Amino acid sequence: MAIITILGEIMRLLQGDCLEIMKDIEDKSVDLICTDPPYILELHGGGKNEYSNRKLTDCHIDYVSNGFNYDDIFEEFERICKTVNIVIFCSNKQISSIMQWWEQRKYSVTLLCWKKTNPIPFANGKYVSDLEFIIYVRGKGTYFNNEMDFKSKSKVYVAPSVHHKKRMHDCEKPLKLVKHLLLMHSQENDVVLDCYMGSGTCGVACQEMNRSFIGIEKNHDFFNIAKNRINNHQWQVKLLGE
């Protein structure tokens, strides 16, 4: 485990299996879970052309495309949240099962969408892959930023994906998108958990927005990428502040 203190906030970065690590997190201690777990993806379609191989850089790879155990993970989510307040990125094939899991437990569930302005340009025999889906789950009394303007409350967020040459993780999400979600669903000094941390985008967003952060990543290489990224961002923030 690595513990990094940044500008008065505690950034806890933990390497290992998130299910096992979450068992050590106290009941009702997390304000928001914002995470991007492994998708379940369709690996067919798209045609045979020069762009087809780019599927490998858009999450069509084993370690992020075989899904995860909803029951075990979501039960931990429910236990550690002060009030259920969860943002989950998912694939089209996961929408119904994830929403149903939470709806059966009487939580409010909303489907959000990230529309990419720069999707991979192949669509032979299929629709363009210009959408990714986000499920928002909330319990009674959960914080929601009603001070945001009408446009910011749209269920569709429009932004480019991170260019494949600049990605530090195969499924890296844009920092602005993550910051938007944190602004909508958390407040300053809240504790935010990302149990599939990847390259640490959520941690960087928490640094910039004065949130505490718990990041869990199983993959050793990505854990080090996230740790270094957050550490380096600490110094960038200090330099800009000076």
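Refer to the structure above for everything that follows.
Residues numbered from 1 in each chain as written. Predicted model: local features only at pLDDT ≥ 70, side-chain atom pairs only at ≥ 80, totals over all residues. Heavy atoms only, no water.

Trainee: Could you give an account of helix H3 (residues 95–103), with specific residues and numbers?
Mentor: Within the sequence span of H3, burial applies to Ile95, Ile98, Met99, Trp101 and Trp102. Across the axial projection of H3, the buried residues extend over an arc of 155°, all falling on one side. Among the structural elements, helix H2 (70–80), strand E4 (85–90), strand E5 (108–116) and strand E6 (131–138) are those in contact with the buried residues of H3. (Buried < 20%, exposed > 50% of the residue type's maximum accessible area, 1.4 Å probe, protein only. Helix = DSSP H or I, 4+ residues; strand = E, 2+ residues; numbered from the N terminus. Arc of directions from axis to C-beta. Contact = heavy atoms within 4.5 Å.)

Trainee: Tell me about the packing of aromatic side chains, and please be specific about residues and values.
Mentor: Enumeration according to the criterion identifies nine aromatic pairs in this entry. Plain terms: the ring middles of Phe68 and Tyr70 are 4.9 Å apart, the flat faces sit at 70° to each other, and that makes the pair edge-to-face. Phe68 sits in the buried class, given a relative accessible area of 16%. Assessed through its relative accessible area of 16%, Tyr70 is described here as buried. Between Phe68 and Phe74, the ring centres sit 5.6 Å apart and the planes meet at 75°, which makes this aromatic pair edge-to-face. One aromatic cluster is present, built from ring pairs that chain together Phe68, Tyr70, Phe74, Phe77, Trp101, Trp102, Tyr107 and Tyr196. (Phe/Tyr/Trp six-rings, centres within 6.5 Å; stacked < 30°, edge-to-face > 60°.)

Trainee: An account of the pattern of salt bridges is needed here, citing residue identities and associated values.
Mentor: Applying the stated criterion across every chain yields a total of 10 salt bridges. Between Glu76 and Arg79 there is a salt bridge, and its shortest N-O distance comes to 2.7 Å. Here Glu76 and its partner Arg79 are both found in helix H2, three residues apart, which amounts to about one turn of the helix. Asp130 is the partner of Lys115 in a salt bridge, and the nearest nitrogen-oxygen pair spans 2.9 Å. (Salt bridge = Lys/Arg side-chain N within 4 Å of Asp/Glu carboxyl O.)

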